[in-house]
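# Descriptive analysis of the structure
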Amino acid sequence: MSVRTRFAPSPTGFLHIGGARTALFCQLHTRRLGGTFILRIEDTDRERSTQEAVDAIIQGLHWLGLDPDEGPYFQSDNTALYLAAAERLLAEGKAYRCYCSRESIDALRESQREQQIKPRYDGRCRTRTDFPAEQPFVIRFQTPSSGVAAWEDHIQGSIRFPNEELDDLILVRSDGSPTYNLAVVVDDHNMGINLVIRGEDHISNTPRQIHLFQALGWPVPEYAHMPLLHGSDGSKLSKRHGAVSVLQYREDGFLPDALNNYLLRLGWSHGEQELFTRQEMQELFNIREVGRSAAIFNLDKLLWINGHHIRTATAEQLLPDYRYQLDKRGIRGQDTAYLLQVITEFQSRAKTMVEMVDKSLFLFVDTLGPYEEKALKKHLLSALPQSLMALHQALAGLETWQAQEIDHCFRQVVADLQMEMGQLAQPVRVALTGTASSPGIHETLYLLGRSKSLQRLQDAIDFLQNKPK
RNA sequence: GUCCCCAUCGUCUAGUGGCCUAGGACACCGGCCUCUCACGCCGGCAACACGGGUUCGACUCCCGUUGGGGACGCCA
């Protein structure tokens, strides 16, 4: 039987990095086995679910290349199915109506906490035989009071819960709506899910769900509970650790496969290999090889991996992202061939596409802002205007603005002035870019173009001649 | 508090009883390359939480301690 897994987020917020990792592992695992990866939106909490969140999740998955093979399915479409299952359990005596008020249960839990025992419902309505017509009730599952619920987790190994640790969970709320555990079990069964891959925070739900499968007479799926992703303080990832939407990573100039590569290495490894292509991920990943301990999100390593993916991508592959980032700075309508040349020149110099734009921005602005303070002092102020003038004159005399020609011309000027390359290149670099770093000086001149290059050299010459003594 | 899970360099990890004076990667620190910045290359710093067992021999197996995390909702 081929494997069927599902990613089942609740649409109460955007898709963050932890959810993306779960989705990635689900998809990768099924890809290798030729199985099916299903997206199911768990919106049984109608109060907190929003359409915006649904959209953000689907968009986030799409950006990462994690589009489902099936779905999205919405639990809100299956309410009747869940309620039917609950009715059946009720009819079979495996569930019961509970008339306890929230207040009385809160009081119960509080007193249990005081006694330092695990807060849980005590089952006081189990044996109740009266059904007061006007009183609201919930439907509770009658959990076996002895025995154990156990399973062989694909990641965590053997896990067992004594049933006396569990209480009677609510299947249907007093407003008649189904709850999470019921919906999950009914859907997992109906959708033919045979492997559940989800976060470790669901471990304690698993014994309850196993009981429900058994009570309904359905086969129990296999489970793989992934260790959680932690923030820098070692606790579960949350807003305060910058658990932002994965789409924010696109805004910040990350490549989807770089993020996938990084996420993949959190908890899974393949010998000493750090870098993976999409293809390799799909061929090599196995959920059974995932480690059991939680990992801490580390931006530095993500940046390094992103830099690697930028370096190894073709300029054509990077073009849409580069254009996207340029667009956000108001730079549009640039020639494609030109942009490809720029990208090629900056690929090894940027860890993100945002950084690439930052570093190449001088090419697109009409006039430079003030020279960077350090660069100005270190390289430009000490330069002789005469050397810049000599270069200006030589470059102005070029027939065409070709990379090789510029190279020859620049070297000739350096030789004529009896200077070292760096003595001329650095001041020129500051003149052209406003900073002390850029691609090679010939490439920089070439990319900047004749008119802007000559203009900026002239500006620097004027600047030096007018500087206060 | 109760239950469940986890524990190798700062971080991500390799390691499945002898190959380990513990390997790789990021970060950091040197050096090389060099017109700058990157890239690349070379080198360095840095870890088996602790205590008991088991064994001829434990990072590897067992128990305990400590530490960390998760769960304990008419949320998912």
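Residue positions are given per chain, counted from 1 along the sequence in the order it is written. Each chain is given a letter, starting from A, and each ligand a number, starting from 1, according to the order in which they appear as written. With the structure being a predicted model, the display of local features is reserved for residues of pLDDT at least 70 and the display and counting of side-chain atom pairs for 80 or more, all residues being used for whole-chain, interface and lining totals. Computation of side-chain values covers all heavy atoms of the structure but excludes hydrogens and water.

## Focus: the packing of helix α12 (residues 336-346) against helix α13 (residues 353-360)
Just so we agree on the cut-off: Only the contacting stretch of a helix is used when fitting its axis, a line to C-alpha atoms as for every element, and angles between N-to-C directions run 0 to 180 degrees. Each helix corresponds to a stretch of at least 4 residues labelled H or I by DSSP, and each strand to a stretch of at least 2 residues labelled E; elements are numbered beginning at the N terminus. Angle categories: roughly parallel below 35 degrees, roughly antiparallel above 145, roughly perpendicular from 65 to 115, and oblique for all the rest. Here a residue-residue contact requires only that any non-hydrogen atoms of the pair lie within 4.5 Å. Amino acids are sorted into nonpolar (Ala, Val, Leu, Ile, Met, Phe, Trp, Tyr, Cys and Pro), charged (Asp, Glu, Lys and Arg) and polar (every other residue, Gly among them).
Contact geometry of α12 with α13 gives a least axis separation of 11 Å together with a crossing angle of 105 degrees. The angle between the axes of α12 and α13 places the two elements in the roughly perpendicular class. Mapping the contact onto sequence places V342, I343 and F346 in α12 and M356, K359 and S360 in α13. Among the residues making up the contact of α12 with α13, the classes are represented as four nonpolar, one polar and one charged.

## Quick look at the pairing of strand β5 (residues 138-141)
Basically, it comes down to this: The classification of residues rests on relative accessible area computed with a 1.4 Å probe and restricted to protein chains. Under 20% of the type maximum is buried, over 50% is exposed, and intermediate values are partly exposed. Pairing between strands requires that DSSP locate at least two bridges from one strand to the other.
Neither face of β5 is left uncovered, since the one carrying V138 and R140 and the one carrying I139 and F141 both have all their residues buried. In terms of strand pairing, strand β4 (residues 95-98) meets β5 through four bridges, oriented antiparallel. From the neighbouring strand, A95 faces β5, where its bridge partner is F141. Relative to strand β8 (residues 170-172), β5 runs antiparallel, the two being bridged by two bridges. Residue pairing in the sheet places I139 in a bridge with V172 of β8.

## So, the packing of helix α11 (residues 315-328) against α12
The interhelical angle for the contact between α11 and α12, taken along N-to-C directions, is 100 degrees, at an axis separation of 9 Å. With respect to each other, α11 and α12 are oriented roughly perpendicular. Of α12, the residues touching α11 (which contributes A315, E316, L318, L319, Y322, R323 and L326) are T336, L339, L340, V342, I343 and T344. Taken together, the residues that form the contact of α11 with α12 break down as nine nonpolar, two polar and two charged.

## So, the environment of R456
By the secondary structure assignment, R456 is in helix α19 (residues 450-466). Residue R456 is classed as buried on the basis of its relative accessible area of 4%. Spatially, the C-alpha atoms of R456 and N181 are 67 Å apart, while their sequence positions differ by 275 residues. Ignoring anything within four residues of it in the chain, the contact list for R456 reads F362, V365, D366, L368, A431, L432 and L448.

## Some details on the domain arrangement of chain A
One frequently used descriptor of interface size is the decrease in accessible area upon assembly of the parts. Spelled out, the test is: Where each domain starts and ends follows an automatic or database-derived domain assignment. Summed over both partners, the accessible area (1.4 Å probe) lost when two parts come together is defined as the buried area. The rule for a salt bridge is simple: a side-chain nitrogen of Lys or Arg has to be within 4 Å of a carboxyl oxygen of Asp or Glu.
Here chain A is partitioned into domain 1 (4-73 + 229-305), domain 2 (78-226), domain 3 (314-365) and domain 4 (370-469). Look at where the C-alpha atoms of domain 3 and domain 4 centre, and you get two points 23 Å apart. Contact residues are listed per partner, giving ten residues for domain 3 and twelve residues for domain 4. Both sides of the domain 3 and domain 4 interface together cover about 900 Å² of buried area, and 61% of this is carbon and sulfur. Taken as a group, E345, F362 and L363 account for 55% of the area that domain 3 buries against domain 4, more than any other trio of residues on that side. Across the contact surface, domain 3 and domain 4 share zero salt bridges.

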